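Given next are the chains, with one letter for each unit.
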Amino acid sequence: HRWIKDRELDLCFIDGDHEDPIVKEDLENYWEKVKPGGLFCGHDYFLTAENDVKKRVDEKFLDKVKVGATIWMTEKENEGDFLC
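Residues numbered from 1 in each chain as written. Predicted model: local features only at pLDDT ≥ 70, side-chain atom pairs only at ≥ 80, totals over all residues. Heavy atoms only, no water.

K.L.:
Is there a simple way to think about helix H2 (residues 52–61) in this case?
P.N.:
Spacing of three or four residues puts side chains on the same side of an α-helix, whose turn is 3.6 residues. Residues Val 53, Arg 56, Val 57 and Phe 61 constitute the buried set of H2. Looking down the long axis of H2, one finds its buried residues gathered within 105° of arc, a one-sided arrangement. Packed against the buried residues of H2 are helix H1 (22–31), strand E2 (34–42) and strand E4 (71–75). Structurally, the start of H2 carries an N-cap: the backbone nitrogen of Val 53 is 2.8 Å from a side-chain oxygen of Asn 51. Phi turns positive, to about 50°, at Leu 62, one or two residues after H2. (Buried < 20%, exposed > 50% of the residue type's maximum accessible area, 1.4 Å probe, protein only. Helix = DSSP H or I, 4+ residues; strand = E, 2+ residues; numbered from the N terminus. Arc of directions from axis to C-beta. Contact = heavy atoms within 4.5 Å. Polar contact = N/O pair within 3.5 Å; in protein donor to acceptor, adjacent residues only side chain to side chain.)

This is how it looks when you write it as C-alpha cells:
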C-alpha cells in the first residue's frame, strides 16, 4: 500500500490475511487508495461462521456493503461516503 498514491485506484480487491490485526490494517490502508466513484472489494467474507474478515468489513462499512457468495463490495462516493 505504501507504493500506491491515495485516491489512485478505480478498483481495489483484497484477498490477503484472514485474521486480525492484518484484516483491519488492510481495510484502513487500502480504503485510502480508492478514488471517489471507485470500488472497494474483497474475498472470504463467509470463510467461517465467525471470522475476522466478516467482522471487520461489517464494522467498517456497517450496512453499506453488498455481499455475493464470499465476495464483499462497497463504492466510494466522496471522501468517506458510500454509494451502496
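K.L.:
How should I be thinking about the pairing of E2 in this particular structure?
P.N.:
Alignment of strand E1 (residues 9–14) against E2, held across five bridges, turns out to be parallel. Following the sheet pairing, Ile 14 is matched in E2 by Gly 42. Assessed by its sense of winding, the connection that carries the chain from E1 through H1 to E2 is right-handed. Across four bridges, E2 lies against E4 in antiparallel orientation. Paired with Phe 40 across the bridge in E4 is Thr 74. (Pairing = 2+ DSSP bridges. Right-handed = clockwise from strand over helix to strand, strands pointing away.)

K.L.:
Mind showing me how you'd approach the pairing of E4 here?
P.N.:
Working note: regular strand, side chains alternate between the two faces of the sheet. The pairing of strand E3 (residues 66–68) with E4 spans three bridges and is antiparallel. Each bridged residue has a counterpart across the sheet, and for Val 67 the counterpart in E4 is Trp 72. Once E3 ends, the chain turns through two residues before running back antiparallel as E4, passing Ala 69 with a positive phi of about 55°.

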